[in-house]
Structures are given as structure tokens and as C-alpha cells.
Amino acid sequence: MDSSTNSLDDASADGIAKFADRASMMEGRLQAQEDEITLLKSSLSDALRKIHLHDQLLPLLKQQLIAVNPNAAGVLNQVCCTDGCSGRTTLSSSSAVDGIRSPATSQLSDSIVTNANGHIENPVSLTPRSRPTTQDRSTQTEIALPGQDTGQKKVPLPRRVQSLQLEDALAPGKPLVEGTRAMLHRVSGWEEEYEEEQEKGGGEQEKEQSWMSSVEEIIQPTTIKCLQREDYQDRSCSPEELGSPSTSVRTSDSNLSSRSGHLSPIQEGEKKLLVRRNSEKLVNAEKQRKRLDKKAASSANLLSRSPSLDTRAKELVSSAGSPGSRRGTYSQEQSIKMFIRGRPITMYIPSNIQNYEDLKMEPPSERLELDWVYGYRGRDCRANLYFLPSGEVVFFIACVVVLYHINNRTQRHYDKHTDCVRCLTLHPDKVRMASGQTAGVDKDGKPLHPCVHIWDSTTLVTLQQIGLGAFQRGVGCVAFSFADFGTFLCVIDDSNEHMLSVWDCNKGTRHADVKNTNEAVFCVEFNSSDSTNIITCGKSHVYFWTLIAGQFTKKQGIFGKYKKPKFIQCFVFSLTGDVLTGDSEGNILTWGKSAADVKTLGKGAKETFQIMRQTRAHEGSVFTLCTLQGGTVLSGGGKDRKIIRWSADLAPERECEIPENYGAVRTIADVDGEELLVGTTRNAILRGTFSDGFVAIVQGHMDEMWGLATHPSQNIFITCGHDKQVCLWNTEEHKLDWCITVEEYGLCADFCPNGSVVSVGLSTGRWMVLDLLTREVVSESTDGNEQLSVMRYSPDGSFLAVGSHDNFIYIYNVTESGRRYTRFGKCNGHSSFITHLDWSKDGKYIMSNSGDYEILYWDVAAGCKLLRNRFESKDREWASYTCVLGFHVMVKGWWPWLTTSVKSTSSSTPVPNSRRRATSTRATAATSPTSASRTATPTSSPWAERTPALSSGG
């Protein structure tokens with residue numbers, strides 16, 4: 001049992017470390033992906049803004065070009081005209097005639113550059129030219145221009161920089177206005193068509209063809225019926241203010257109307273057939289036109305909804321935040337948004353808050369002070385119970401070392417550890433203590449290294465921190481040296497080799513270290529008369545170490561003719577200097593030095609440690625040995641639960657048996673030679689004598705504790721956990737009132753407002769109602785087949801809400817003072833398991849949180865209806881604030897309702913721990929605002945003086 005316990009502890013620590021590494025890696029990847037998404041959003045917004053600006057400048061450019069050459073309207077009508085056209089025609093990216101200009105010809109022209117006001121700048125003289133057409137599509141690759149060598153190698157322009165040359169639309173022989181040339185960018189819709197062709201993977205040839213038009217038609221002289229005047233984005237230049245050809249082109253209503261009518265063909269008296277590529281798409285022309293129209297409408301809709309895309313892009317970047325950020329962003333719609341693991345959570349600000357920025361976000365000056373700890377860790381730890389001359393017994397649970405005065409019934413706490421304490425030892429001066437902790441992670445996922453704290457039990461001040469970063473997984477055993485009055489500290493960590501190291505307590509430096517064994521190690525001690533001798537024991541071994549000049553030498557105990565036990569559980573030193581060990585066979589073995597057997601070991605063999613005597617002590621394992629004054633020895637048994645007193649020569653004197661419900665004896669501490677303190681494997685501490693028997697002074701759960709609820713009017717609370725026990729505790733006397741065992745794990749609980757019954761949710765979806773006085777089950781039901789996570793009564797006790805891991809909240813009508821329950825409805829809408837829920841003060845609404853950080857609101861009175869508009873619930877008053885998500889958490893924090901149950905796998909008892917935040921997402925249950933004692937004196941502070949808060953776990 002002990003071997004499996006230790007191996008499980010090692011596996012658990014290793015698993016936690018690996019899980020932390022994987023979680024950190026995944027969070028890093030998630031953050032990088034979120035950053036990329038944010039950047040893409042910003043780039044998209046910027047691109048849409050530029051497209052919108054280009055579309056607004058296009059009418060101005062058309063009028064400028066028509067003012068330069070009225071005959072250009074024919075080509076413009078083919079390219080840009082959308083009214084009066086039966087189908088959309090996509091032109092070549094180079095010109096209306098499929099071909100590419102030669103570099104020599106292109107040098108004769110420059111683009112018209114328009115400034116912000118729409119004026120034409122940089123005029124350059126041009127000569128008109130005409131282009132032939134090609135009627136055979138198979139030969140339509142490049143077009144020879146007049147005066148150009150047809151054999152000259154053509155240099156095609158990149159597709160993305162090709163543009164429509166408007167000189168092609170001029171009539172032959174028609175001179176251009178001096179210094180003018182125009183360029184139109186690609187028509188909207190070509191880019192989408194090109195991207196669709198790329199997705200089809202048709203190769204480079206198909207990509208080239210996809211850029212061309214998909215229909216064949218003959219270009220005819222075109223009529224421009226009317227040109228509508230455009231509303232310019234920049235009002236500094238109107239159509240009437242356009243200059244002359246040398247300066248700027250002026251237009252008016254009169255000359256616009258004068259250009260209405262038929263235009264001359266591109267080349268007089270000649271009908272030209274323009275053969276386009278990809279003519280096989282002719283059958284899909286109508287479908288393509290509809291698709292492009294839909295895309296254009298979608299883009300226009302997006303632009304109309306986002307008048308300022310620059311501002312929208314900034315909002316996208318600012319609202320995204322870092323993926324793991326919990327900081328909120330404020331918007332003008334009176335809501336704030338926070339991010340948890342990349343998920344945005346919107347919370348609406350109540351109406352009584354006028355300016356969110358002026359709210360004080362810091363926590364109040366009041367702080368929680370640890371008052372009482374219920375429980376003791378004896379199930380999987382040894383030698384962790386010591387009695388001080390001050391009348392206090394020292395033990396640990398979770399991250400806290402407790403100093404409990406057995407007569408005054410008061411507690412003090414050493415709470416400087418950052419993770420679970422695993423071992424404890426007392427200095428020879430009976431004042432200083434050393435406690436070692438295991439490895440873990442902090443709230444941000446960063447690793448916490450194991451270490452040993454040396455501290456003063458009187459002042460609770462840390463004197464030395466030993467081995468931070470030097471130990472692996474955790475610290476398993478610690479011991480002070482006695483012969484030199486505690487100068488050195490011996491430590492064994494939980495690594496695979498169980499490294500044995502000796503440290504200087506005054507300097508905090510390592511004196512020596514050595515690999516111990518790959519097997520489990522249970523105990524380590526210095527020889528009481530020689531600090532150079534160290535003994536360790538564990539699975540199938542007992543080692544005798546000698547430390548000389550910083551070097552270790554090891555000798556293994558030889559069992560010889562005696563049966564080798566599976567475990568050496570404990571050992572002590574007798575008055576004669578011999579070593580007494582207790583093993584898993586129930587024997588006490590006496591070890592001593594003897595001369596080497598030369599016949600067996602050969603010449604030069606040195607002295608060895610062998611078994612001098614074997615004493616049968618217990619049925620089952622001997623878990624602990626304790627020496628008293630005068631050489632008397634106490635032994636504690638496992639299976640027989642007996643405590644036996646032995647004389648100095650190991651003759652039995654007295655014995656007693658502890659009650660079965662407390663478990664086996666784990667450790668024994670002497671009080672005054674007659675009175676004893678006993679730690680048990682069921683996490684209890686007993687006090688008593690052989691004559692009067694033993695009673696429990698400390699009790700706790702034996703496994704993970706999950707459920708916690710406080711009584712609405714009395715100073716009692718109830719807990720349940722994986723040990724299948726339901727316990728009722730008294731906060732005034734700090735004791736356990738009663739405890740019952742159920743068939744399954746208990747995970748959540750809540751008291752009925754009348755205080756007569758309590759509901760307990762189990763791991764199989766079953767829940768039961770217990771009578772507090774008789775402890776009998778008065779009602780039970782089952783909801784689904786998954787574990788229940790939260791139970792909550794409405795303020796008036798008329799409803800019971802049951803949150804389950806099947807994503808549902810089950811609502812029950814409550815009658816007969818909480819003894820009769822009928823199903824009322826079911827709340828369906830969460831996408832993950834329920835973690836928390838609260839009722840409104842009027843008992844009509846529910847606020848709930850789930851495992852994927854949702855905040856939902858429900859109208860129970862209307863039939864468990866989900867409230868889609870969460871804005872309506874911003875001013876609703878709630879009877880409790882146990883949900884860990886919401887505006888009340890971000891701004892108000894947990895004051896004054898800081899009563900929550902925080903699950904921890906490393907602790908099995910309810911431990912109020914001020915180190916952990918109450919807003920932890922691992923919280924599994926919480927109490928109502930009346931959970932605090934109602935006898936507390938009310939004050940103006942939201943946190944009444946000495947009002948107790950309860951938390952579970954460590």
C-alpha cells in the first residue's frame with residue numbers, strides 16, 4: 001500500500017510537470033494564431049477602405065477622361081457601365097483588344113496622375129495609334145502594333161500590374177490632348193474570378209486564361225445616354241472647376257449633355273471581331289454574372305456598414321487583446337470585454353455606473369486572515385507529527401503547517417510555502433522547524449521549484465530557504481543532525497535516484513550529495529551520537545552512510561538468514577546505539593555492527609551491519625517507532641491498529657487499540673511520557689493514554705474534497721468528497737458533528753433556506769436530500785448519467801437548480817419544507833458543463849457559468865427560457881455571487897461574498913487559503929451571501945469584522 005502510494009505521488013508530480021509544459025506550449029501556439037488573425041483582420045479592413053476610396057474616385061476619373069476625348073465613352077461604357085447592360089463583360093487586363101504593347105510604344109505615354117482634388121497633373125504629349133484585331137483565337141497571343149517589328153520578342157507585364165489603356169478607345173487620327181494619358185484599374189470582380197481559378201488548380205495556362213473575358217462578342221458603336229453627376233468624396237473640386245487641357249479639364253452640365261448621342265466606332269467602316277479566351281465559359285456567363293453581382297453587393301453592404309474602416313481596423317486590433325489576457329476593454333455601448341484563453345466575454349455595465357473609467361479597480365484594504373484549518377495529512381505521509389514545549393502540536397495539510405495548541409484549542413499557521421508540504425522535522429533546540437514542499441505551478445502556469453524552509457516556530461519567521469532549484473519533483477524526507485546540535489540538514493528528494501544531500505543550515509549551502517537508490521525512500525536520520533553517520537530506509541533496503549570530507553560511502557544492511565521484507569517502514573536509535581527498524585512483515589529488527597565474514601566476503605572485507613535480533617511486534621506492517629525517556633519504545637501497527645509499549649530490551653509492557661473508524665496508526669508523538677498524540681491513516685489526530693483510550697482532536701477527509709455549503713442561519717457547514725463521506729462541521733467548536741458514508745463520490749451540496757435539510761450531488765448524476773437531525777435520506781432523484789457540479793436553492797426555497805456535466809440545469813419545485821421535489825423544467829443552452837449558478841433575489845432568474853467561460857441568463861418563471869439579450873440582465877439583483885464570470889467579479893471582486901470551494905488534487909480537507917484567488921476557474925462550489933455567520937457584527941465595510949469565509953482544498 002505504501003509503495004503504491006509513493007509511486008502514485010511520483011507519477012502525479014511528473015504528470016503535473018508534463019501537463020504544465022504542454023499547456024504552456026499550447027497557449028503559446030494559440031497566442032501566435034490569435035496575433036495572426038488580428039493582423040489579417042487589420043489588413044482586410046485597410047484593403048476594404050482603399051477599395052472604397054477607389055470606387056469613389058472612379059466617376060471623377062471617367063469624367064476627366066471623357067472631357068479629354070468624348071470618343072472614349074465607348075470603351076468606358078463597355079468596361080464600367082452597369083445600367084442598360086444585359087450581362088457583365090470582363091475585359092482584358094491590357095486593353096479592349098487582346099494584346100500587349102511593346103516597351104517601345106509604351107514609352108510614348110505616361111499615366112494621368114490625379115491629386116486629392118481630382119486635378120490632372122504631369123501632362124506628357126502622346127501620339128495616337130491604332131491596333132489591329134485578331135479573328136482566330138488560336139493565334140491570339142500577341143498583337144503587332146503599327147510600326148512595330150512583329151518578330152520582336154514581347155515582354156509581358158505582370159498580371160497584377162496590367163491596366164486598361166484608354167488610348168485604345170480613341171478614334172484613328174484623333175489627337176490626344178497634349179500631355180494626357182489615362183489608366184483604369186481592373187474592374188471589380190476580376191480579382192475574385194482569378195482567385196477562384198487558382199483554387200481550381202488549372203495550372204498557369206488556365207490562370208492566364210481566367211484573367212481574360214469569358215464571352216465572345218463584337219464591339220459595336222456604343223451610345224451613352226446620360227452621364228450622371230457624381231457626389232465627390234472631396235468637395236474641394238466640383239465638375240465645373242476642372243481645368244483646361246494645359247492646366248485642368250473643366251466640365252459643365254451643358255457640355256455633358258452635348259456629348260450625349262452616338263459615338264464613332266473605334267475604326268471607321270470596319271467591323272472588328274474581338275475573340276476572347278476561355279470561350280468555353282460561355283454557357284456559364286449568366287451564372288458568373290450573378291455571382292459577381294452578389295460579391296459586389298456584399299462588398300457594398302460591408303462598406304456601407306463600416307463608414308470608417310480605419311477606425312474599425314483599430315477597434316479590431318485593440319479589442320482582440322492577448323489570447324490569455326483577462327483585462328477588459330471598454331466600449332461606448334456600456335459594456336466591457338475580457339478575454340480568457342482567447343475567448344471574448346462581454347459583460348454589460350449596470351445603469352447606475354455612469355463612468356466605468358472612474359471605478360476603483362483595486363481590491364479593498366481588508367484582507368483575509370487564515371483562522372482555522374480542518375484536517376491532517378496522514379494517509380500518504382510519515383513522521384509529520386511533533387509536540388513542542390509550548391504545548392502546540394505541529395502538523396501539515398496542503399500548503400500550510402499548523403501549530404495547534406491542544407489545551408487552548410487555538411491555531412497558528414506557517415503559510416510561506418507555495419505548494420503542498422510533504423515532510424517535516426524538528427530541530428534539536430525544539431524551536432526551529434524544517435518543512436519541505438513538492439514541485440508545482442503558480443497561477444500563471446510557471447513552474448514552482450521544490451525547496452526546504454527552516455523557520456522559527458515561535459515567530460513564524462522564515463530563517464532559511466534551502467535548495468531552491470536543486471531538488472527534482474519534491475522533497476520527500478528531511479532530518480537535522482543531533483550530535484552537533486543541528487548544524488546540518490539532510491534532504492532526500494523525489495527524483496528517480498532519490499538524491500541524498502547534506503546542507504549547512506547556517507550558510508544555506510550544499511555540503512555533499514550522492515545518488516541514493518531508484519527504489520522508494522521512506523525515512524532518513526542522522527546518527528544521534530555521530531553526525532557523519534546517516535541511515536536511510538525504504539523499499540527492500542536499509543543503507544548506512546558515512547560522510548567524510550564531503551564524500552559518501554554506503555553499506556547495505558545484510559539480512560542474512562532472516563526473511564527480507566518488502567518494505568522497511570521506519571527506524572529509531574536505541575540507548576545502546578543500535579538501530580531498530582519496523583518492516584512490512586510486522587517485525588522489529590535490531591541492527592548492529594559485526595566483523596566481516598572472511599570466508600564469505602573474502603580477505604580485506606570490512607565490518608558489516610547485520611541483524612542482531614528479530615522481534616515479532618504486529619500483525620501487518622509496523623508503520624512507526626517512537627523512543628521515550630529511559631529507552632522505552634512505542635510501536636504503531638497498521639492492520640491491527642495497535643499501539644504497543646516496549647521496554648528497553650524490547651519486552652512488551654502495554655498495548656491498546658484505536659477505533660476502526662480512525663484507521664491505522666501512522667505516527668506517534670510523545671507529550672509527557674504518559675499522554676500520546678497519534679496520527680492515523682484516515683487523516684485524524686488522536687489524543688489519549690493507554691488507560692483512558694484515545695479521542696480525536698483533529699479530523700478531515702481522506703481524499704479530494706469537492707463540495708462545500710454553509711448553513712443559512714447556524715454556524716455549521718457541510719462537506720463531501722471522493723472519500724464518499726458527507727461531513728457536518730461546527731465552526732464555533734471547530735469539530736466534526738457527524739459523518740455518514742454514501743455510495744458514490746460527493747461533489748456539491750447546498751442547504752435549503754429553512755435549514756432543515758441539505759442536498760448533496762453525486763458523481764453519477766444522482767442527488768439526495770438529507771435531514772440534518774436524523775441524517776436520513778428524505779428524497780433522492782437522478783438527472784442524467786454524468787456528475788453533478790453545482791446545486792443551488794432559490795432564495796425563498798421554492799426551487800432547486802441542479803447543474804450537471806451534461807450541460808443542462810435541472811429545475812425542481814420544492815414543497816413540504818424541502819422534503820418533496822418535482823421536476824419543473826430544464827435549462828438547455830450551454831455548450832459545456834455547468835460550473836456555477838446564482839439565483840436572482842426574486843427567485844425568477846438564474847445566472848450560470850460553464851466550463852468554456854459562458855455567461856448565460858435564464859427566465860425560470862417563463863419556463864426555463866434562455867434570455868438572448870443579456871443586456872436586460874445588467875441591472876438585475878442577485879441573491880448570491882458565486883459565479884466566477886461577470887461584471888460583479890471584474891469590478892466588485894468577491895467582496896463581500898468571498899466564500900468559494902476551490903478544488904485541489906493535493907488536499908483532502910477544507911483549507912481556507914488566502915494565497916489562492918477566489919476567482920479561480922477551478923472553483924467548483926460556493927455558498928450564498930448568508931454563508932457567513934449571521935452573529936457577526938455588521939459594519940459599514942462590505943467585509944464585516946471577523947466574518948468567517950470558508951474554502952476547500954489547498
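Residues numbered from 1 in each chain as written. Predicted model: local features only at pLDDT ≥ 70, side-chain atom pairs only at ≥ 80, totals over all residues. Heavy atoms only, no water.

## Details of the overall build of the protein
The helix and strand inventory of the protein stands at ten helices and 59 strands. Buried positions account for 51% of the 954 residues belonging to the protein. For the protein, contacts bridging at least 24 residues in sequence account for 52% of all contacts bridging at least 6. About 45100 Å² of surface is accessible on the protein, with carbon and sulfur atoms providing 49% of the total. (Helix = DSSP H or I, 4+ residues; strand = E, 2+ residues; numbered from the N terminus. Buried < 20%, exposed > 50% of the residue type's maximum accessible area, 1.4 Å probe, protein only. Contact = heavy atoms within 4.5 Å. Areas by Shrake-Rupley, 256 points an atom, 1.4 Å probe, with all protein chains shown as cover.)

## Concerning the pattern of salt bridges
All chains considered together, the criterion is met by 25 salt bridges. The salt bridge involving E585 is made with K563; its shortest N-O contact spans 3.8 Å. Here E585, found in the loop between β31 (579–583) and β32 (587–594), pairs with K563, found in the loop between β29 (551–556) and β30 (568–573); they are 22 residues apart in sequence, far enough to count as distant. Judged by its relative accessible area of 28%, E585 falls in the partly exposed class. Salt-bridge contacts for R823 lead to D783; the nearest nitrogen and oxygen are separated by 2.8 Å. One end of the pair, R823, is in strand β53 (residues 820–828); the other, D783, is in the loop between β49 (777–782) and β50 (788–793), and 40 residues separate them in sequence. Three or more residues joined by partner-sharing salt bridges are found here, namely E743, E744, R766 and E780. (Salt bridge = Lys/Arg side-chain N within 4 Å of Asp/Glu carboxyl O.)

## Here's the deal with the sheet that holds strand β27 (residues 530–538)
With antiparallel pairing, the four strands of this open sheet are ordered in space as β26-β27-β28-β29. This sheet does not close on itself; its edge strands, each paired only once, are β26 (521–527) and β29. With direction set aside, neighbouring strand axes in the sheet form an average angle of 25 degrees. The pairing of β26 with β27 spans six bridges and is antiparallel. (Pairing = 2+ DSSP bridges. Axes fitted to C-alpha atoms, helices over the stretch in contact; angles between N-to-C directions.)

## Description of the sheet that holds strand β16 (residues 421–426)
Strand order in the open sheet made by the four strands is β16-β17-β20-β21, with antiparallel pairing throughout. Every other strand in the sheet has two partners, leaving β16 and β21 (462–466) as the edge strands with one partner each. Sheet twist, expressed as the average angle between the axes of neighbouring strands with direction ignored, equals 20 degrees. As paired elements, strand β20 (residues 452–456) and β21 share four bridges and run antiparallel to each other. Bridged to H453 within β21 is Q465.

## With respect to the pairing of strand β22 (residues 475–480)
Across the six residues of β22, five count as buried, placing the element largely inside the fold. Strand direction decides the pairing type here: β22 and strand β23 (residues 488–493), joined by five bridges, are antiparallel. Residue pairing in the sheet places V478 in a bridge with V491 of β23.

## A few points about the side chain of S804
In this fold, S804 is placed in strand β51 (residues 799–804). When near neighbours in sequence (up to four residues on either side) are disregarded, S804 contacts D783, E786, Q787, L788, S789, Y810, F833 and I834.

## Here we look at the side chain of E854
Along the chain, the position of E854 falls in the loop between β55 (845–850) and β56 (855–859). Given a relative accessible area of 14%, E854 falls into the buried group. Of the polar contacts made by the side chain of E854, one reaches the side chain of H830; its length is 3.0 Å. With near-sequence residues (within four places) excluded, E854 lies in contact with R343, G829, H830, S831, S848, N849 and L885. (Polar contact = N/O pair within 3.5 Å; in protein donor to acceptor, adjacent residues only side chain to side chain.)

## Things to note about the pairing of β20
Along β20, five of the five residues are buried, which leaves the element largely enclosed by surrounding structure. Two strands pair when backbone bridges link them, and strand β17 (residues 432–437) and β20 are joined in this way by five bridges, in the antiparallel orientation. Directly across from A434, in β20, lies its bridge partner I454. Two successive antiparallel strands, β20 and β21, enclose a turn made up of five residues, where L460 displays a positive phi of approximately 60 degrees.

## Regarding the packing of aromatic side chains
In the structure shown here, the tally under the stated rule is 22 aromatic pairs. Taken together, a centroid distance of 6.2 Å and an interplanar angle of 15 degrees make the contact between F717 and W729 stacked. Of this pair, F717 sits in strand β43 (residues 716–721) while W729 sits in strand β44 (residues 725–730), and the two are twelve residues apart along the sequence. Note on F717: relative accessible area 1%, which makes it buried. Assessed through its relative accessible area of 1%, W729 is described here as buried. Considering the side-chain rings of W767 and Y821, the 5.4 Å spacing of their centres and the 80 degrees angle between planes classify their relative orientation as edge-to-face. Within this pair, whereas W767 is found in strand β48 (residues 766–771), its partner Y821 is found in strand β53, the two being separated by 54 residues in sequence. For W767, a relative accessible area of 0% gives the class buried. (Phe/Tyr/Trp six-rings, centres within 6.5 Å; stacked < 30°, edge-to-face > 60°.)

## Digging into the environment of T425
When you line up the elements, T425 lands in strand β16. Assessed through its relative accessible area of 5%, T425 is described here as buried. For the pair formed by T425 and F480, sequence separation is 55 residues and the distance between their alpha carbons is 7.3 Å. Discounting chain neighbours no more than four positions away, the residues touching T425 are Y386, M433, A434, V478, A479 and F480.

## Points about the environment of T835
Looking at the secondary structure, you find T835 in strand β54 (residues 834–839). For T835, a relative accessible area of 12% gives the class buried. Polar contacts involving the side chain of T835 include one to the side chain of H836, which spans 2.9 Å.

## Re the environment of G375
As for its placement among the helices and strands, G375 is situated in the loop between β11 (343–348) and β12 (386–387). Counting along the chain gives 310 residues from G375 to I685, while the straight-line C-alpha distance between them is 8.7 Å.

## As for the confidence of the model for the protein
Here the protein shows a mean pLDDT of 74. Residues at 70 or above account for 63%. Across residues 80–283, confidence stays below pLDDT 50; counting only partners more than four residues off in sequence or on other chains, it has 328 contacts. In the predicted structure, residues 302–328 sits below a pLDDT of 50 and forms 46 contacts with residues beyond four places in sequence or in another chain. (pLDDT = per-residue confidence, 0-100.)

## Overview of the state of the cysteines
Taken as a whole and assessed by the stated rule, the structure comprises zero disulfides. C490 takes part in no disulfide bond, and the closest cysteine sulfur, belonging to C477, lies 8.7 Å away. On the basis of relative accessibility, which here comes to 0%, the residue C490 falls in the buried class. (Disulfide = S-S within 2.5 Å.)

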